[in-house]
2 protein chains.
Amino acid sequence: MAESTGPKRPGGETLLFLTDEQLRKGIEAMFFAYRGFTADPDRILENYAYGRAHHRAIHFIGRSPGTTVNNLLSILGVTKQSLNRVLRTLIADGLVESRVGTRDKRERHLNLTEAGWRLERELSDAQRDRMRVAFRAAGPEAVAGFRTVLEAMMDPEMRRHYVALKEQS
Amino acid sequence: MAESTGPKRPGGETLLFLTDEQLRKGIEAMFFAYRGFTADPDRILENYAYGRAHHRAIHFIGRSPGTTVNNLLSILGVTKQSLNRVLRTLIADGLVESRVGTRDKRERHLNLTEAGWRLERELSDAQRDRMRVAFRAAGPEAVAGFRTVLEAMMDPEMRRHYVALKEQS
DNA sequence: ATTTTATGTCAGCCTTGTTGACATTCCAAG
DNA sequence: CTTGGAATGTCAACAAGGCTGACATAAAAT
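Residues numbered from 1 in each chain as written. Chains lettered and ligands numbered in written order. Predicted model: local features only at pLDDT ≥ 70, side-chain atom pairs only at ≥ 80, totals over all residues. Heavy atoms only, no water.

Asker: Describe the overall build of chain A, and please don't skip the residues or the numbers.
Answerer: Along the backbone of chain A there are seven helices and three strands. Secondary structure elements in chain A, listed N-terminal to C-terminal, are α-α-β-α-α-β-β-α-α-α. The C-alpha atoms of chain A give 20 Å as radius of gyration, which overshoots the globular expectation for 169 residues (15 Å, by more than 25%). Along the longest, intermediate and shortest principal axes, the C-alpha atoms of chain A span 60 × 35 × 30 Å. Put simply, chain A has 169 residues, and 47% of those count as buried. By sequence separation, contacts in chain A at least 24 residues apart represent 50% of the contacts at least 6 residues apart. Element-wise, carbon and sulfur atoms account for 50% of the exposed surface of chain A, whose accessible area totals about 8,600 Å². The centroid of the 27 positive side-chain charges in chain A is displaced by 4 Å from the centroid of its 22 negative side-chain charges. (Helix = DSSP H or I, 4+ residues; strand = E, 2+ residues; numbered from the N terminus. Rg over C-alpha atoms; globule rule 2.2 N^0.38 Å. Buried < 20%, exposed > 50% of the residue type's maximum accessible area, 1.4 Å probe, protein only. Contact = heavy atoms within 4.5 Å. Areas by Shrake-Rupley, 256 points an atom, 1.4 Å probe, with all protein chains shown as cover. Lys, Arg positive; Asp, Glu negative; His and termini not counted. Charge placed at Lys NZ, Arg CZ, Asp CG, Glu CD.)

See below:
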């Protein structure tokens, strides 16, 4: 504890935001904020007997229409068996449509149906509302810092996915 | 979508950071960053046959030594049955010690044992390392913004807990 | 004396993650 | 053309960690 508190830059300037105390506050901020982040969608999903796994699948299919199962797997970081169970119910319920690839017929291309888009909207509206309130309260500079720190916190492969989604806009 | 893009302040200034696109980037940043945030502790916990639930319990007991079960419950937001299962294994494994309260003998006060502190250190060192790298790369202003947005994103009750932990430092 | 609070525990259920095994389809390299 | 491997789907079994409901106990509070 003692030796890592109040670190110095080569220049000698004290970096107060890098003390163990500050880092721990950052850790706890992530924990408590993530709870808020998922709270609203979780409440909505209860009405549909779906869980977060369904939300994640719907989100990223909606974000990248026509994406393949494999791409979704690497974004979500779960096993194909886990994802498949979720996709199966979404397809059976008519929220997601799976089409065999034209060039490579092994691949399945995933798209939201009209009903799928409706749920996607309901979920992302709720999540965006909270994000909007937080962003507005914090202001543009804080939002920029928020994004900068989160990007720096990602694993390289996740950052790749994140950036790829950004550019696609 | 269209009507909520490019909102205006009373003054008339366009708030680019509140567009649906910006909000969605914020959502995805939270998702990918949280994965990184938990990745290192998760790897460590595998060696002990523990999960995130154990980590959370250890973290907050270490943060508030002598805390009661009820307080821990409201911080973690799980049922007493869920928490009890985790606490039972931690106590059985000699990482956590539960003492009957002196003033109110219904309460159990929880503390980390020496072995508990060792694991707490191992976990929080790993998590702080990642946070430190991210903070250093982003800089002090970004870190301040990061914390501001996360605090605004919390549910009020979670913010209460967050602030209470902050002040206790 | 009665009610409420704090805690523990048992049983059972659900979601969502895991591994392992196996089948199918089909591209691509030899 | 044959074969290897990639992409996908599916079945089975299992574990972690949520949940609810029910019940027990001790002690504080009324």
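Asker: Tell me what's going on with the nonpolar core, and back it up with residues and numbers.
Answerer: In terms of nonpolar packing, the biggest core is built from 96 residues, with Met30(A), Met153(A), Met30(B) and Met153(B) touching the most fellow members. Excluding residues that lie within four positions of it along the chain, Met30(B) makes contacts with Ala33(A), Tyr34(A), Phe37(A), Met131(A), Phe146(A), Leu150(A), Leu150(B) and Met153(B). (Core = buried A, V, L, I, M, F, W, Y, C linked by side-chain atoms within 4.5 Å.)

Asker: So what's going on with the pattern of salt bridges? Which residues, and what values?
Answerer: In this structure the tally under the stated criterion is 29 salt bridges over all chains. The partner of Asp20(B) in a salt bridge is Arg132(A), with the nearest N and O atoms 3.4 Å apart. Here Arg132(A) lies in helix α5 (residues 114–138) and Asp20(B) lies in helix α1 (residues 20–46), a pairing that spans two chains. On the basis of relative accessibility, which here comes to 4%, the residue Asp20(B) falls in the buried class. Judged by its relative accessible area of 17%, Arg132(A) is buried. (Salt bridge = Lys/Arg side-chain N within 4 Å of Asp/Glu carboxyl O.)

Asker: A description of the side chain of Arg63(B) should follow, citing residues and the corresponding values.
Answerer: Tracing the backbone through its elements, the reader meets Arg63(B) in helix α2 (residues 52–63). You can call Arg63(B) buried: its relative accessible area is 5%. Within the local environment of Arg63(B), its side chain forms a polar contact with the side chain of Glu28(A), the two groups lying 2.7 Å apart. (Polar contact = N/O pair within 3.5 Å; in protein donor to acceptor, adjacent residues only side chain to side chain.)

Asker: Break down the sheet that holds strand β1 (residues 67–68) of chain B for me, citing the residues and quoting the values.
Answerer: Residues and elements named next belong to chain B. Spatial strand order, β1-β3-β2: three strands in an open sheet with antiparallel pairing. A strand with exactly one partner marks an edge of an open sheet, and here the two such strands are β1 and β2 (96–100). On top of the sheet, α2 reaches β1, β2 and β3 (108–112); it is set at about 100° to β3, its chief contact. (Pairing = 2+ DSSP bridges. Axes fitted to C-alpha atoms, helices over the stretch in contact; angles between N-to-C directions.)

Asker: Give me the lowdown on the sheet that holds strand β2 (residues 96–100) of chain A, citing residues and values where you can.
Answerer: Residue and element names in this part refer to chain A. Read from one edge to the other, the open sheet built from three strands follows the order β1-β3-β2, with strand pairing classed as antiparallel. Two strands bound the open sheet, and with one partner strand each, they are β1 (67–68) and β2. Lying over the sheet, helix α2 (residues 52–63) contacts β1, β2 and β3 (108–112), oriented at roughly 100° with respect to β3.

Asker: I'd love a proper account of the protein's contact with DNA strand C, names of residues and values included.
Answerer: In the neighbourhood of DNA strand C, 23 residues make up the surrounding shell, with Arg56(A), Ser82(A), Arg85(A), Asn70(B) and Lys80(B) lying closest. Of what DNA strand C places within 4 Å of the protein, 55% of the atoms are sugar or phosphate. Here a phosphate oxygen of DNA strand C sits 3.2 Å away from a polar atom, N or O, in the side chain of His54(A). Between DNA strand C and the protein, one listed contact pairs a base nitrogen with a side-chain N or O atom of Arg85(A) at 2.3 Å. Taken together, the elements giving at least two residues each to the surface near DNA strand C come down to α2 and α4 (80–92) of chain A together with α3 (69–76) and α4 (80–92) of chain B. Among the residues making up the surface near DNA strand C, the classes are represented as three nonpolar, nine polar and eleven charged. (Near = heavy atom within 4 Å. Nonpolar A, V, L, I, M, F, W, Y, C, P; charged D, E, K, R; others polar.)

Asker: Residue-level account of the protein's contact with DNA strand D, with values.
Answerer: The full set close to DNA strand D counts 25 residues, and Lys80(A), Gly51(B), Arg56(B), Thr79(B) and Arg85(B) are the nearest of them. Counted by atom, the contact set of DNA strand D within 4 Å of the protein is 55% sugar and phosphate. In the environment of DNA strand D, a base oxygen lies 2.8 Å from a nitrogen or oxygen atom belonging to the side chain of Gln81(B). Broken down by secondary-structure element, the contributors of at least two residues to the surface near DNA strand D are α3 (69–76) and α4 of chain A together with α2 and α4 of chain B. Looking at the surface near DNA strand D, its residues break down into three nonpolar, ten polar and twelve charged.

Asker: So, the packing of helix α6 (residues 140–153) of chain A against α1(B): which residues are in play, and what are the values?
Answerer: Taken N-terminus to C-terminus, the directions of α6(A) and α1(B) make an angle of 35°; their axes are 8 Å apart at the nearest point. Pair α6(A) / α1(B) crosses with left-handed handedness. Contacts from Phe146(A), Arg147(A), Leu150(A) and Met153(A) in α6(A) reach Gln22(B), Lys25(B), Gly26(B), Ala29(B), Met30(B), Ala33(B), Gly36(B) and Phe37(B) in α1(B). Looking at the contact of α6(A) with α1(B), its residues break down into seven nonpolar, three polar and two charged. (Left-handed = near helix turned anticlockwise from the far one by under 90°.)

Asker: Could you give me a rundown of the packing of aromatic side chains, with the residues and numbers involved?
Answerer: All names here are of chain A. A complete count under the given rule lists 13 aromatic pairs over all chains for this structure. Judged by centre distance (5.3 Å) and plane angle (45°), the rings of Tyr-34 and Phe-37 are tilted. Here Tyr-34 pairs with Phe-37, and both are found in helix α1 (residues 20–46), just three residues apart, close to one helical turn. According to the relative accessible area criterion, Tyr-34 is buried, its value standing at 11%. Taking relative accessible area as the criterion, Phe-37 reaches 5% and is therefore assigned buried. (Phe/Tyr/Trp six-rings, centres within 6.5 Å; stacked < 30°, edge-to-face > 60°.)

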